[in-house]
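# Structural characterization, general
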Amino acid sequence: MNILVIGSGGREHALAWKSAQDKSVANVFVCPGNAGTALEEKVTNISIDAYNFEVVEKFCKEENIELVIIGPEQPLVMGMADFLQSRGIKTFGPSQAAAQLEGSKTFSKDFFVKYGIPTAGYSSFDDFESANNYLETIDYPTVVKADGLAAGKGVIICKNKKESRQALESIFQDQAFGDAGNRVVIEEFLEGEEASFIAVVSKDKIIPLATSQDHKAVGEGDIGLNTGGMGAYSPAPIVDERIHEKIINEVMKPTVEGLIAEGFPYLGFLYAGLMIKDGELKVLEFNCRFGDPETQPILIRLKSSLVELCLAAINDEMDMYDISWTDKHACGVVIASAGYPESYESNKQVTLPIRLDQDVKLFHAGTKLFNDNVVTSGGRVFCATALGDDLKSAQSKAYNLVDSVTFDGAFYRKDIGFKGIK
Ligand code: AMP
Ligand code: GLY
C-alpha cells in the first residue's frame, strides 16, 4: 500500500516514520517533507503544491495512494479532507466544518458553552474600541487571543491593563497575526498545570492516545513567549485515572456528540489542550490535528499500527482496532534556531550524530537537504526523542541526543519533563 502524508514538521516526520514501519506499506510519500523524511527508508518527499487540492488528487490517483494523513491544521481548515474524500481518496482528517474547532477561537468557545464543556470565561470582539473598553471591566492577569490560526503564537498573557492594550494594538492595528487577528477573544486567566489529551475520533467512537504534556513557553520554567511547543513527554502523570475519565466524560464525549448534533461528525486526531487544577479541568483550546511535538514522544511509544488505526477510523471499524503501547516513558526535546519564536536565520549547516543508540530517534522539523547536506530551514529544527524505563532515563537519553546535534545558533530548553519528574 502507498501512503501520503501532508506536511513538513516534526509531527509529519514521526507520522511518516511510523507508517513506514508497517509491512503492508510499500511507499510513504511526504508533501513537502523535510530532510529527515527524505533520509528515511521507504519514504520519499514530493514537491507538488500541497495547497492545490486538484494536483494532490492527481498525484494520489497516479501513485495508487490508499491513505492520506493530513498533519497540519491549515489544509484541514481549508477543506482538504472534504475535497479528497469527495474524490474517493481515503483521507484521515476532519472536515472543514469540524476543523473550525481550531480554526476559530470564537467558534470553539461558543461551542464549549453550547455543549457544557468546561472552559475559561471569555468575550470576543471585532474591533479595537469595544475590546479596549472591555479592559476597564475585567480582572488581571488576562489572556488576549487572535481568533484565527497563528501557529500557537497568537495568545498573549497580559499582567495588567497596559499590556492588554498593547496586545490589542499589536493584533488590531499592527496586524501582528494578519487576518487571524480580525477578531479577538479576551479570556479569563487560568492557573494550574497543562496537559495535552489527544484521541483518534470517528463519529461517536473515541480511542484515546497516550497522555502527554507539552512545554509551550520558550524559556526554562515556562517563562517567555509562547511557541508551537519546545518539548513534550508521555505519559503525563498529571492525567491520572480519575482525570482521564473526567476528560472522556466532560470533554471528549460532549464534543464528539456536539459535532454530530451540529451536522459535522469528526474524523481524525482531536486534541484538547487542558488546564488542570485541584482535580478539576478546563479546556484551553481544541486542535483538529495531532500535536507537535506531542506526536513524537507519543508515536515512539505506539506499538500497534498507525496505518491500521487511521484506516479503522475512516472505515468506521474502530471497535475492531486494539491499540497497544510500550510501558516505557518517552521524552522529546525541541532544538530550535536562535531567535525563535520571533525572527531567526536559516540555512545553517547541521552536524548529525553518526550512530544512534537504541530507543532514540532524531525527528527533523525545519530542515532541508542542500547539496546532500542537512541545513536548517525553520524555527523548530529537530525533536530529539528517546524512550526510557522511567521519565528521568528517557530525559537523559534525549539530552544526550541533543548534545550530538550541532548548528550555529541552536538552542533548547534544558528542563523538558520537569513537571513529570518533580
Ligand atoms: P491556546 O492556543 O489557546 O492553547 O493557548 C496557547 C497557550 O497559552 C496555552 O497552552 C497556555 O499555556 C496559554 N493559555 C491559553 N489560554 C490561557 C488561559 N485562559 N489561562 C492561562 N493560560 C492560557
Ligand atoms: N504542541 C502544541 C500544538 O501542537 O498545538
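Residues numbered from 1 in each chain as written. Chains lettered and ligands numbered in written order. Predicted model: local features only at pLDDT ≥ 70, side-chain atom pairs only at ≥ 80, totals over all residues. Heavy atoms only, no water.

## Looking at unusual backbone geometry
With an omega of 0°, the peptide bond between Tyr140 and Pro141 qualifies as cis. As for its placement among the helices and strands, Pro141 is situated in the loop between α8 (128–134) and β7 (142–146). The residue after Asp292, namely Pro293, is reached through a cis peptide bond having omega 25°. Residue placement: Pro293 occurs in the loop between β17 (280–287) and α11 (295–299). The phi dihedral of Lys42 falls on the positive side, at around 70°, and the residue is not glycine. Tracing the backbone shows Lys42 in the loop between α2 (35–38) and β3 (43–45). Residue Asp316 is not a glycine yet carries a positive backbone phi of 60°. Its place among the elements puts Asp316 in the loop between α12 (306–314) and β18 (329–337). (Helix = DSSP H or I, 4+ residues; strand = E, 2+ residues; numbered from the N terminus.)

## Regarding the pattern of salt bridges
Tallied over the full model, the rule gives 27 salt bridges. The closest approach of N and O atoms between Glu62 and Lys58, which form a salt bridge, is 3.3 Å. Taken together, the positions of Glu62 and Lys58, both in helix α3 (residues 53–62) and four residues apart, correspond to about one turn of that helix. In this structure, Glu62 and Lys58 share a single accessibility class: exposed. In this structure, Asp408 engages Lys348 in a salt bridge whose closest nitrogen and oxygen atoms are separated by 3.7 Å. (Salt bridge = Lys/Arg side-chain N within 4 Å of Asp/Glu carboxyl O. Buried < 20%, exposed > 50% of the residue type's maximum accessible area, 1.4 Å probe, protein only.)

## Considering the site of ligand 2
Near ligand 2, the surroundings consist of Asp214, Lys216, Gly228, Tyr271, Asn287, Arg289, Gly291, Asp292, Pro293 and Glu294. Here Gly228 contributes a backbone N or O atom positioned 3.0 Å from a nitrogen atom of ligand 2. At a separation of 2.9 Å, a nitrogen atom of ligand 2 approaches a polar backbone atom of Asp292. In the complex, 93% of the free accessible area of ligand 2, which totals 190 Å², lies under the protein chains. When grouped by side-chain class, the residues that make up the shell around ligand 2 number two nonpolar, three polar and five charged. (Near = heavy atom within 4 Å. Polar contact = N/O pair within 3.5 Å; in protein donor to acceptor, adjacent residues only side chain to side chain. Areas by Shrake-Rupley, 256 points an atom, 1.4 Å probe, with all protein chains shown as cover. Nonpolar A, V, L, I, M, F, W, Y, C, P; charged D, E, K, R; others polar.)

## Description of the nonpolar core
Side chains of nonpolar character tend, in soluble globular proteins, to be buried together. Leu4, Val251 and Met252 are the most contacted members of the largest nonpolar core, which totals 48 residues. Broken down by element, this core gets its largest block of residues, seven residues, from helix α10 (residues 241–262). Once residues lying within four places of it in the same chain are set aside, the contact partners of Val251 are Ile117, Lys246, Ala272, Leu274, Leu281, Val283 and Phe286. Among the nonpolar cores identified, the runner-up in size contains 40 residues, and Val30, Val200, Leu306 and Cys383 belong to it. (Core = buried A, V, L, I, M, F, W, Y, C linked by side-chain atoms within 4.5 Å. Contact = heavy atoms within 4.5 Å.)

## Side note on the sheet that holds strand β9 (residues 184–188)
The strand order β6-β9-β7-β8 describes an open sheet built from four strands, whose pairing is antiparallel. Since the sheet does not close on itself, it has two edges, and those belong to β6 (122–125) and β8 (155–158), each with one partner. Strand-to-strand twist across the sheet, computed as the mean angle between neighbouring axes with direction ignored, equals 20°. Here helix α7 (residues 105–114) sits on the sheet and contacts β6, β7, β8 and β9; the angle it forms with β6, its principal contact strand, is near 145°. (Pairing = 2+ DSSP bridges. Axes fitted to C-alpha atoms, helices over the stretch in contact; angles between N-to-C directions.)

## Digging into the packing of helix α6 (residues 96–103) against α7
It is at 6 Å that the axes of α6 and α7 come closest, and there the two elements cross at 95°. Between α6 and α7, the interaxial angle falls into the category roughly perpendicular. Seen from α6, the contacting residues are Gln100, Leu101 and Gly103; seen from α7, they are Lys105, Phe107, Ser108 and Phe111. When grouped by side-chain class, the residues that make up the contact of α6 with α7 number three nonpolar, three polar and one charged. (Parallel < 35°, antiparallel > 145°, perpendicular 65-115°, else oblique.)

## Topic: the packing of aromatic side chains
By the definition in use, this model includes 12 aromatic pairs. Ring centres of Phe107 and Phe111 lie 6.2 Å apart, and the angle between their planes is 25°; this geometry places the pair in the stacked category. Taken together, the positions of Phe107 and Phe111, both in helix α7 and four residues apart, correspond to about one turn of that helix. Across the pair, Phe111 and Phe107 agree in class, each one buried. Both rings, one in Phe107 and one in Phe264, keep their centres 6.4 Å apart while their planes meet at 40°; by these two values the pair is tilted. (Phe/Tyr/Trp six-rings, centres within 6.5 Å; stacked < 30°, edge-to-face > 60°.)

## Comments concerning the pairing of strand β14 (residues 223–226)
Bridging between strand β13 (residues 217–219) and β14 involves two bridges; their strand directions are antiparallel. For Gly219, the partnering residue across the bridge sits in β14 and is Ile223. Hairpin remark: β13 followed by β14, antiparallel, with three residues in the connecting loop; positive phi at Gly221, about 75°.

## Details of the sheet that holds β3
Strand order across the open sheet formed by five strands is β3-β2-β1-β4-β5, with parallel pairing between neighbours. Edge positions in the sheet fall to β3 and β5 (91–92), since each has one partner strand and no second. Across six bridges, strand β1 (residues 2–7) lies against strand β2 (residues 27–32) in parallel orientation. Looking across to β2, one finds that Gly7 is bridged to Pro32.

## With respect to the site of ligand 1
Neighbouring residues of ligand 1: 15 residues in total, closest Lys145, Glu187, Leu190, Glu194 and Glu285. At 2.7 Å, a side-chain N or O of Glu187 approaches a nitrogen atom of ligand 1. Glu194 places a polar side-chain atom, nitrogen or oxygen, 2.3 Å from an oxygen atom of ligand 1. If ligand 1 stood free it would expose 470 Å²; the protein chains cover 95% of that surface. Elements supplying a minimum of two residues to the shell around ligand 1: β7, β8, β9 and β17. In the shell around ligand 1, the residues fall into seven nonpolar, one polar and seven charged.

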